[in-house]
Amino acid sequence: MDKIELKQITKFLSQVSFFSEVSDASLRHLCQDLNAETFYKGDSIFEKDEAGNAMYIILEGRVKIHEHRHVYGFLGKGECFGEYALIDNQPRSASVTAEEETSVLKIERPHFIDLMSNDNAFAKGILSVLIKRHREVDDIQRSLAASKKQIELANAKMSGLINGAMDAIIMFDSKYRIILTNPSANRLLQNDDVIQRNVLFFFDEVSAALIESLVKSSLNNHSNTLNKFLPNSVKVIGSNDKETLNEGTISKYGSDQETFYTLILRDIEARLLAEDQINFLTNQTRYLQEEIKELTRNYGILAEDKGMINVLNLIEQVAHTDATVLINGETGTGKELVARAIHQASPRNDKPLIRINCGAIPTNLIESELFGHEKGAFTGATASRKGRFLLAEKGTIFLDEIAELPLDLQPKLLRVIQEGEFDPVGSSETIKVDVRIIAATHRDLLDYAGKGKFREDLYYRLNVFPIEIPALKDRGTDVCLIAQEMIQQFAAKLNKTVVELSESDKNLLLSYHWPGNVRELQNLVERAIIVSQNGNIDWQAIIPSSTENIPLNAQSTSENILTSDQLTKLEKENILRALKKTHWKISGKNGAAALLKLRPTTLSSKMRALDIVRPI
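This text gives an overview of the structure that appears in the document. What you see is a predicted model; the values in this text were computed from it and never measured.

Another point: the pattern of salt bridges. One side chain can pair with another of opposite charge once the charged atoms of both are near each other. If you walk through the whole model with that rule in mind, you get 30 salt bridges. For R266, the salt bridge identified is with D167, shortest N-O distance 2.5 Å. Pair noted here: R266 is in strand β14 (residues 259-267) and D167 is in the loop between α6 (148-164) and β9 (168-173), with a separation of 99 residues, a long-range link. The buried category is assigned to D167, whose relative accessible area is 2%. Each of D322, R348, K394 and D434 takes part in a single network of salt bridges with overlapping partners.

This is the structure we're talking about:
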C-alpha cells in the first residue's frame, strides 16, 4: 500500500480499542502484512466450527454474529471479531455473516504472533490496557505505613484485591519460593498447596529462564524497583499437565535485607473470551432494550389511523385514574387489548387483571363466578370459593360482553361500583373490595336499557369514561400495518419465510370489509402463512370475495354502487337464506357453510359479527 493509504490505515487502527495503546511505528509494521477483503450482503465471512486462522477489523459496513438462526449481536466500523484465532486454530465459536457490503482488514495468526515475539512495543501496547490496573497492587505495596494499624488496613485491602482479582497473582521471594497465591493462581497452577514450592517448576524451560533472568537482572542492579511487562508470553504447566499461554507483569518490592516479587498472569485465551463476552453482552443488552421498547410501544396496539390514535390518547388519559371505563366496539376489534393497555399503564399494573366473559358462563353460575360462594350455598358447592372480584383485589376486573349479564345480577354489580362491597352467594358477610372496573360490549347498551334488557342506572355508572374502538374497515391502511406484523409473528412461530405485502396484496386487504375485524384478519393471516410456499401467498384465495354473497340481480346492476352498510345487509340476508334453507345446520355436507362455500368457523365468525342468532 502507498504512504497515504498506510497513514490512513495506521490512523484507523489507532482508534480501534484492541490497538489503542500500540505505537504508530508498530501499527505500520502490522499494516505491512494486512489483507483487505470485501464481503457483500449475505456473504459468509466464516462459519461456526471452522478452524480459525485470522482476526478481522471492520473498515466499513456491518456484520452479524450468529449460530444458525440465533443472532448474538451485530458489529460495525472499528470493531473486531475472530480474535481467538490469533492464539490457536480451535474451531470458531460462532458464524459471522455480512449484513451489508462490508470491508474488513484481515490479520493472520503467524503475522500477529511474529509481531508479539519480535516487536516489544507492539506487545506492550496490546498488553498495556489490560495490565494498567495491576499497578494498583504495587501502589498499595509502596503505600504501606509503618504503624501496625496502617499495615493491617493495607493488608486487608491488598488481600481483598488479590483474592478478588480474576488474574493469577503469585508472590515469591528471591529464592523463587512461592509465599502467596490468590484463588485464580491456584486454578491456573491446578494446585491449592503451592506455598514454599519453586515457582519456576510451573513454567516451561524457556519461560522459566525468562523469569529467572528478570529476577537476576534486578538483583544485580541493586534496585528496589522492578515493574515491567513480561517481554514475551510465558507458558504455565499446571500440576495436572494443563498448558496455558499467559501474558503478564513482574514487579519487585521489599528491602535490602529481604526482596519479594509479584507475578501477575492472565490467560490470553481467557482474556479474549472475556472481551468477546463483554462485546456480546453489550450488543445483546442494546438489542433487548430496543426489543422491550418496541414491544411496549403503544401497548402492542398498531395504529396510524386517527380514530385509533385517539383511542390510544384516551387510554393515556384514563389509565392513571380509577374511573370506570366502558369499551364499545364490534366483535374482534380488540376490546380486551385496550382493557389490558389501560391496566398496564395504571398504578395497579403490579396487581392482577382478572377477565370474565359474561356471555360465556351459564346464568346459574355467573353470580358465583363473580362474587364467590360459601360451602353448601347450592347443589354441588362442596367447598367455599373466592369470586373474580376478590381475586382482582387492588387490581382490575375486565367484564367482557357486559350486555349479557343477567338482569337480576345487575343490582349487585351496581352495588360493587357504588359501595365497593358485595355478599358472596350463601353468605351474610359483606366483603369490601378495591377493584377498578373495565367493561366492554358490542351492543348498544342505551338501546338495551330502553328495551328493558339492561338497567339504565348501571349503564350510566359504567359509562363514566366511554372508549369507542373503530371497526377495522374504518381504520384505513391500519389493516396492512397489522397484517404485516402478524405475518412476521406467524412466520417466526411456524418457521416459515416472512412474506412482504405487495401493493396488489394491500389493495386486496383494503377492499375487503372485514366483518370479523382484527380477529378475522388474524385467522386469515395464520391460514395464509400455513399454506404459503417458498414465501408466496395467493391472497385472492385467502381473502373472501366482497361480492360472493351479493345476489345476482345486485351484481348485474353495474351502475348501482353499494355502500358498506348495504353490502353488510346483503351479506346478512344471504347468510340467513342459506341458514333457513339448511334448517340452521352450519357444518357438514348439507350445511349452510358448504352452500356458501365457506369454512364452518368462518361462517360462525360472520354470524357473530352480523348478530345472527337462531330464533327460538
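We now examine the packing of aromatic side chains. Applying the stated rule across the entire model yields 15 aromatic pairs. Ring geometry for Y253 versus F260: centroids 5.7 Å apart, planes at 25°, classification stacked. Judged by its relative accessible area of 16%, F260 falls in the buried class. Pairing Y512 with W514 gives two aromatic rings, centres 4.7 Å apart and planes at 80°, and the pair type is edge-to-face. An aromatic cluster is built from F18, F19, F112 and F122, whose rings are joined through pairwise contacts. Between the NZ or CZ atom of R92 and the centre of the ring of F46, over which it lies, the distance is 4.0 Å. Taking NZ or CZ as reference, K453 lies 5.1 Å from the ring centre of Y448, over its face.

For any two helices packed against each other, one specifies the inter-axial angle together with the distance between the axes. Across the interface, helix α17 (residues 478-493) lies against helix α18 (residues 503-511) with an axial gap of 9 Å and an inter-helix angle of 115°. Considering only the axes of α17 and α18, their crossing is right-handed. The residues of α18 that touch α17, namely those facing V479, C480 and A483, are K506, L509 and L510. A breakdown of the residues in the contact of α17 with α18 according to their chemical character gives five nonpolar, no polar and one charged.

Our focus in this paragraph is the side chain of N328. Relative to the helices and strands, N328 resides in strand β15 (residues 325-328). N328 has contacts with K335, T441, R443, I467, E468 and I469, leaving out every residue within four places of it along the chain.

Of all six residues making up β9, six are buried, and the element is well covered by its neighbours. Side-chain alternation along β9 places A168, I170 and F172 on one buried face and I169, M171 and D173 on a second face that is also buried. Hairpin connection from β9 to strand β10 (residues 178-181): four residues lie between these consecutive antiparallel strands, with Y176 at a positive phi of about 70°.

In the contact formed by α17 and helix α19 (residues 517-531), the axes pass within 9 Å of each other and the chain directions differ by 45°. For the element pair α17 / α19, the angle class is oblique. As for how α17 packs across α19, the hand of that crossing is right-handed. Note on element contacts: α19 touches α17 through V518, L521, Q522, V525, E526 and I529, opposite V479, I482, A483, M486, I487, F490 and A491. The class makeup of the residues in the contact of α17 with α19 is 11 nonpolar, one polar and one charged.

This next bit is on the environment of L6. Residue position: L6 is located in helix α1 (residues 3-14). For L6, a relative accessible area of 22% corresponds to the partly exposed category. Put simply, L6 and Q32 are 26 residues apart on the chain and 8.6 Å apart in space, counted from C-alpha to C-alpha.

Another aspect to go through is the nonpolar core. As a rule of thumb, soluble globular proteins bury nonpolar side chains together. Core analysis: the biggest nonpolar cluster contains 32 residues, and F389, L399, I402, L413 and I437 have the highest contact counts within it. Elements supplying a minimum of two residues to this core: β16 (353-357), α12 (363-371), β17 (396-400), α14 (410-419), β20 (436-441), α15 (445-450) and α16 (456-462). For this core, the element with the highest residue contribution is α14, accounting for four residues. Beyond its immediate chain neighbours, meaning those up to four positions away, L413 contacts F371, F389, L399, I402, L405, I437 and L458. Membership of the second largest hydrophobic core comes to 26 residues, among which are I170, F203, A208 and V215.

This part is about the sheet that holds strand β4 (residues 63-67). Pairing is antiparallel across the open sheet formed by four strands, whose spatial order is β2-β7-β4-β5. One side of each edge strand has no neighbouring strand; the edge strands of this open sheet are β2 (44-46) and β5 (70-75). Ignoring which end each strand starts from, the neighbouring axes of this sheet average 30° apart. Note that β4 and β5 share five bridges and pair antiparallel. Its bridge partner being in β5, K64 is matched across the sheet by F74.

Below, the discussion takes up the pairing of β14. Within β14, eight of the nine residues are buried, leaving the element largely enclosed by the surrounding structure. In the sheet, β9 pairs with β14 via six bridges, with the strands oriented antiparallel. Within β14, the position partnered with D173 by the bridge is F260. Where strand β13 (residues 243-254) meets β14, nine bridges bridge the pair, whose relative direction is antiparallel. The residue of β14 that forms the bridge with T249 is I264.

This part covers the sheet that holds strand β1 (residues 35-39). The antiparallel open sheet is built from four strands, whose spatial order is β1-β8-β3-β6. The outermost strands of the open sheet, each flanked by one partner alone, are β1 and β6 (80-81). Relative to strand β8 (residues 102-108), β1 runs antiparallel, the two sharing five bridges. The partner of T38 across the bridge, within β8, is S103.

Examined against the element boundaries, R92 turns out to sit in the loop between β6 and β7 (95-98). The buried charged residue R92 lacks any salt bridge partner; its closest oppositely charged side chain belongs to E50, at an N-O distance of 5.7 Å. Within the structure, the side chain of R92 is placed 2.8 Å from the backbone oxygen of A54, a separation counted as a polar contact. In this view, R92 contacts F46, E47, K48, D49, E50, A51, G52, N53, A54, Y56, G82 and A85; residues no more than four positions away in its chain are not counted.

For H68, which is not a glycine, the phi torsion comes out positive at approximately 60°. Along the chain, H68 falls in the loop between β4 and β5. For Y176, which is not glycine, the phi dihedral falls at a positive 70°. Structurally, Y176 can be placed in the loop between β9 and β10.

Here is what the cut-offs are and how they apply
- Residues numbered from 1 in each chain as written.
- Predicted model: local features only at pLDDT ≥ 70, side-chain atom pairs only at ≥ 80, totals over all residues.
- Heavy atoms only, no water.
- Salt bridge = Lys/Arg side-chain N within 4 Å of Asp/Glu carboxyl O.
- Helix = DSSP H or I, 4+ residues; strand = E, 2+ residues; numbered from the N terminus.
- Buried < 20%, exposed > 50% of the residue type's maximum accessible area, 1.4 Å probe, protein only.
- Phe/Tyr/Trp six-rings, centres within 6.5 Å; stacked < 30°, edge-to-face > 60°.
- Lys NZ or Arg CZ within 6 Å of the ring centre and 35° of its normal.
- Axes fitted to C-alpha atoms, helices over the stretch in contact; angles between N-to-C directions.
- Left-handed = near helix turned anticlockwise from the far one by under 90°.
- Contact = heavy atoms within 4.5 Å.
- Nonpolar A, V, L, I, M, F, W, Y, C, P; charged D, E, K, R; others polar.
- Pairing = 2+ DSSP bridges.
- Parallel < 35°, antiparallel > 145°, perpendicular 65-115°, else oblique.
- Core = buried A, V, L, I, M, F, W, Y, C linked by side-chain atoms within 4.5 Å.
- Lys, Arg positive; Asp, Glu negative; His and termini not counted.
- Polar contact = N/O pair within 3.5 Å; in protein donor to acceptor, adjacent residues only side chain to side chain.

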